[in-house]
Amino acid sequence: MPDLLIELFSEEIPARMQARAADDLKKLVTNGLVDAGLTYASAAAFSTPRRLTLTIEGMLDASPSLVEERKGPKADAPEKAIEGFLRGAGLTRDQLEERDTPKGKILFAMIKKPGRPAAEIVAEVLETTIRNFPWPKSMRWGSGSLRWVRPLHSILCILSAEDGAQTVPLTIDGITAGDTTRGHRFLAPDTITVSNFDDYGTKLKRAFVVLDPAERRDTIWNDATNMAFANGLEVVEDAGLLAEVAGLVEYPVVLMGQIGDDFLGLPPEVLQTSMKEHQKFFSVRNPKTGRIERFVTVANRTTADDGATILAGNEKVLSARLSDAKFFWENDLRIAQSDAGMQTWVDRLSNVTFHNKLGTQAELISRMEALAGELAPMVGADAEEARAAARFAKADQSSEMVYEFPELQGLMGSYYAKAAGKSEAIAAAAQDHYAPLGPSDDVPTAPVSIAVALAEKIDKLTGFWAIDEKPTGSKDPFALRRAALGVIRILVENDIRLQLNPLMKFGVKGSGHRWYNFGDNTSASSTEVEEGMFLSAGGVDDLAGHVHQNLLSFLHDRLKVYLKDQGVRHDIIDACISSSDGAPAGATDGNDDLTLLVKRAKALSETLKTDDGENLIQGFKRANNILSQAEDADGVEYSFGADIKFAETEEERALFAALDTAEAKIKPAMEAQDFGTAMSAMASLRGPIDAFFDAVQVNADNATVRRNRLNLLSRIRTICSSVADLTKIDG
């Protein structure tokens, strides 16, 4: 069985495209080969800045011969029909088989398809792959029609076996496949002839090309960390930057440079961001002070002076970059420490649009400030401090540093708030109120930060729901799913109990002058009415009610996603949500208390994992089905009146006693939100319910006994439903 080696050699491929391109090459070629009948043992793809490589081992040397059976017309069909069938099959009349079938004599064609040599199939598949390669961006060059990410120089394509190597015959736009490649552009640019993948890898390494991206990453990281350690420093980890830099070099040479003393006073995050974004440098930190003091750059070659000239050039360029950052930092500090302070930046945000239907950034801040004040006592924060934190949380968006590096928003706000003499809580909220940005991010834990973070997310959700800009399918341009998950995680992971419905209504009404009673604003223009800036008479309350109901449903959907990752099924959450609807005061705070819902769902989930809990569901559903059928047939509701004096069997009396005991435990447990005790008491009904159904006929001949037993089933439904709506449970 031969092995296949393919290399597509070109000008530099952008680092961000290399990994995906290697995967696409492997997928397209292997799928094409398998579809053509060529199976294989294994395949692997590699990439460097100048080449995509694919190696396939244990491939068939030819596709298997096949025989296709094709059913034709009846033997006595018109001659033209038979002739058409023969043309399609490529056979003559005497090559057809005539078979007896229940529908009479039918003609069959046995079409033999001989196998094809591997080289022929590989050539077709590779040409199709190259001409249809899914680059995010591609280009044409010269007079050819071929498109590639950068000009394609050569194609290496060989089949190797024990008896030698064979070049696959293939020419695409004047590029003829061969058995040669080239090494490093500067260190070994000559042509290299290879015979198989092992030979290819060995000769490339001698020619200063490290083929495997993982090996390049390991080399960079090990050399950088060892170099830093030798100087008592540490490299700041950045997996994304490491992958990108490994895609910029074929032969990584790690060099460590100095940062000018003038710039060491800059915040470490500023240094790190500037060096990463502009120069692709790794930051090197002093673990004792936390300062960024040096940088690591990765060259693509060795030099006679061991990189001294390269480092000198990099340090010169870095100095110019950091001079800009230092100017921004010092200028921003002057504003933050002035008499007007950060309010200067807040005022500027009145000229920055947040959304054309939701006002400016300054109006957003005003809404956040009001909502944070409402939230503060619910999360243990000082109301005035929470309002002040919300007022300045986004002020840094007007700063020069954040204009240059938008990814530093929040972080710079924290620095500027401290410089302006704000409290630690206000400074922390500037950075923390954006969190969590992803599922693995930490959530804010300080009360003021929690209040501002919730205010920002609730305002965003209610605002965009009010203007009907909800997520659709996979589209979520305003990151509302992330905001909803943020609300859930902040509440649940901080064990915060609060009702969201009043806050969501407050959020809609808090949209300020954007939501008017149209009856009181007859001067509104037709454009303003069309844009939804004004509401019909009494519309604010109606809109608030509509938004909070729809938004709460969305939050419940996000809650299911959140709990699914923790092993809680969606039907269990539905059961807890449903039982909260319209629940009496004291029994539950309703389904807008997400922390309470999570506790109930987790308790129910654990209960249903036990034998008693799992079997209780079947008993409950049996009781509920019998009761529902009887109520439909009789046209009455059996919801009261069960009396033990009408019980005829020990099993009935035992069930009465068990229900009394369970109810006595469940009611106070639910009032105290002791869901574990309530669920355990509910699960204890499994035995008495099973025994009851084994021994008792509910629809007895005696009407009084039948009614009493149906009312007893109603007690089962009522008691269990006070814990969770078990009708929602699957199974």
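Please read all numbers here as calculations on a predicted model, not as lab measurements. (Residues numbered from 1 in each chain as written. Predicted model: local features only at pLDDT ≥ 70, side-chain atom pairs only at ≥ 80, totals over all residues. Heavy atoms only, no water.)

**Details of the overall build of the chain**
Okay, step 1: When you go through the chain residue by residue, the secondary structure sums to 26 helices and 20 strands.
Okay, step 2: Taking 731 residues into account, the globule formula puts the C-alpha radius of gyration at 27 Å, and the chain, at 36 Å, lies well above it.
Okay, step 3: Projected onto its principal axes, the C-alpha positions of the chain cover 100 × 100 × 60 Å.
Okay, step 4: When burial is assessed residue by residue, the chain has 48% of its 731 residues classed as buried.
Okay, step 5: Sequence-distant contacts, at least 24 apart, represent 67% of the contacts inside the chain between residues at least 6 apart. (Helix = DSSP H or I, 4+ residues; strand = E, 2+ residues; numbered from the N terminus. Rg over C-alpha atoms; globule rule 2.2 N^0.38 Å. Buried < 20%, exposed > 50% of the residue type's maximum accessible area, 1.4 Å probe, protein only. Contact = heavy atoms within 4.5 Å.)

**A few points about the pairing of strand 2 (residues 42-48)**
In regular strands, side chains alternate between the two faces of the sheet.
Okay, step 1: Bridge count for strand 2 against strand 3 (residues 51-57) is seven bridges, and the pairing is antiparallel. Each residue of the ladder has a partner; that of threonine 48, found in strand 3, is arginine 51.
Okay, step 2: Connecting the antiparallel pair strand 2 and strand 3 is a turn made up of two residues. (Pairing = 2+ DSSP bridges.)

**What about unusual backbone geometry?**
Okay, step 1: For the bond running from alanine 435 to proline 436, omega is -5°, close enough to zero to count as cis.
Okay, step 2: Here proline 436 shows up in the loop between helix 14 (424-432) and helix 15 (447-466).
Okay, step 3: The backbone phi angle of lysine 280 is positive, close to 60°, even though this residue is not glycine.
Okay, step 4: For lysine 280, the position within the fold is in the loop between helix 7 (268-279) and strand 15 (282-285).
Okay, step 5: Backbone geometry at aspartate 468 places phi at a positive 60°, although glycine is not the residue there.
Okay, step 6: Position of aspartate 468 relative to the elements: it lies in the loop between helix 15 and helix 16 (480-493).
Okay, step 7: The class for aspartate 468 is exposed, based on a relative accessible area of 53%.

**With respect to the nonpolar core**
Okay, step 1: Leu461, Leu500 and Leu604 are the most contacted members of the largest nonpolar core, which totals 103 residues.
Okay, step 2: The dominant element in this core, judged by the number of residues it contributes, is helix 15, at 12 residues.
Okay, step 3: Residue contacts for leucine 604: discarding those within four places in its chain leaves Ile572, Ala575, Cys576, Met679, Met682, Ala724 and Ile729.
Okay, step 4: Met275, Ala299, Leu311 and Met342 belong to the second-largest nonpolar core, a separate cluster that totals 39 residues. (Core = buried A, V, L, I, M, F, W, Y, C linked by side-chain atoms within 4.5 Å.)

**Some thoughts on helix 8 (residues 308-336)**
Because each turn of an α-helix spans 3.6 residues, side chains separated by three or four positions in sequence point in the same direction.
Okay, step 1: End to end, helix 8 covers 41 Å across 29 residues, agreeing with the expected 42 Å (1.5 Å per residue, within 8%).
Okay, step 2: Those residues of helix 8 that sit buried are Leu311, Asn314, Leu318, Leu322, Ala325, Phe328, Trp329, Asn331, Asp332, Leu333, Ile335 and Ala336.
Okay, step 3: Contact partners of the buried residues in helix 8: strand 14 (253-258), helix 7, strand 16 (292-299), helix 9 (343-348), helix 12 (400-404) and helix 13 (411-419). (Expected span 1.5 Å × (residues − 1).)

**Some thoughts on the side chain of arginine 600**
Okay, step 1: Within the secondary structure, arginine 600 is located in helix 21 (residues 594-608).
Okay, step 2: Polar contacts involving the side chain of arginine 600 include one to the main-chain carbonyl oxygen of valine 723, which spans 2.5 Å. (Polar contact = N/O pair within 3.5 Å; in protein donor to acceptor, adjacent residues only side chain to side chain.)

**Things to note about the packing of aromatic side chains**
Okay, step 1: Taken as a whole and judged by the stated rule, the model has 15 aromatic pairs.
Okay, step 2: Judged by centre distance (5.1 Å) and plane angle (55°), the ring pair of tryptophan 345 and tyrosine 416 falls under tilted. Of this pair, tryptophan 345 sits in helix 9 while tyrosine 416 is found in helix 13, placing the two residues 71 residues apart along the sequence. One exposure class covers both tryptophan 345 and tyrosine 416, and it is buried.
Okay, step 3: Three or more aromatic residues link up through ring pairs in this structure, and these residues are Trp329, Trp345, Tyr415 and Tyr416. (Phe/Tyr/Trp six-rings, centres within 6.5 Å; stacked < 30°, edge-to-face > 60°.)

**What to know about the pattern of salt bridges**
A side chain of one charge can pair with a side chain of the opposite charge when the charged atoms of the two come close.
Okay, step 1: Applying the stated criterion to the full structure yields 42 salt bridges.
Okay, step 2: Glutamate 250 is paired through a salt bridge with arginine 51; the nearest N and O atoms lie 3.1 Å apart. One end of the pair, glutamate 250, is in the loop between helix 6 (239-246) and strand 14; the other, arginine 51, is in strand 3, and 199 residues separate them in sequence. For the pair formed by glutamate 250 and arginine 51, the shared burial category is buried.
Okay, step 3: Salt-bridge contacts for lysine 326 lead to glutamate 330; the nearest nitrogen and oxygen are separated by 4.0 Å. With lysine 326 and glutamate 330 both in helix 8 and four residues apart, the pair spans about one turn of that helix.
Okay, step 4: Given a relative accessible area of 24%, lysine 326 falls into the partly exposed group.
Okay, step 5: The exposure class assigned to glutamate 330 is partly exposed, which follows from its relative accessible area of 35%.
Okay, step 6: The structure contains a network of salt bridges with shared partners spanning Glu7, Arg51 and Glu250. (Salt bridge = Lys/Arg side-chain N within 4 Å of Asp/Glu carboxyl O.)

**Regarding helix 10 (residues 361-379)**
Okay, step 1: Taking 1.5 Å per residue, 19 residues should reach 27 Å; helix 10 reaches 25 Å between its end C-alpha atoms and fits that length.
Okay, step 2: Taking the largest bend as the criterion, helix 10 deviates by roughly 30°, centred on glycine 373, and proline proline 377 comes between one and four positions later.
Okay, step 3: Glycine 380 lies just past helix 10 and shows a positive phi near 80°. (Bend = angle between axes of the 7 residues up to and from the residue.)

**Points about the sheet that holds strand 6 (residues 104-113)**
Okay, step 1: Spatial strand order, 4-6-5: three strands in an open sheet with antiparallel pairing. Looking along the sheet, the strands with just one partner apiece sit at the ends: strand 4 (66-74) and strand 5 (97-101). Across the sheet, the axes of successive neighbouring strands diverge by a mean angle of 35°, strand direction being ignored.
Okay, step 2: Contacts between helix 2 (residues 79-89) and the sheet are confined to strand 4 and strand 6, with strand 4 contributing the most and set at about 170° to the helix. (Axes fitted to C-alpha atoms, helices over the stretch in contact; angles between N-to-C directions.)

**Some remarks on the sheet that holds strand 15**
Okay, step 1: On the basis of which strands lie adjacent, the open sheet formed by four strands has the order 13-15-16-14 and antiparallel pairing. Taken across any chain shown, the strands that pair with only one partner, and hence form the sheet edges, are strand 13 (234-235) and strand 14.
Okay, step 2: Taken strand by strand, helix 7 contacts strand 15 and strand 16, and its axis lies near 15° from that of strand 16.
Okay, step 3: Sheet contacts for helix 8: strand 14 and strand 16; angle to strand 16, the most-contacted strand, approximately 125°.

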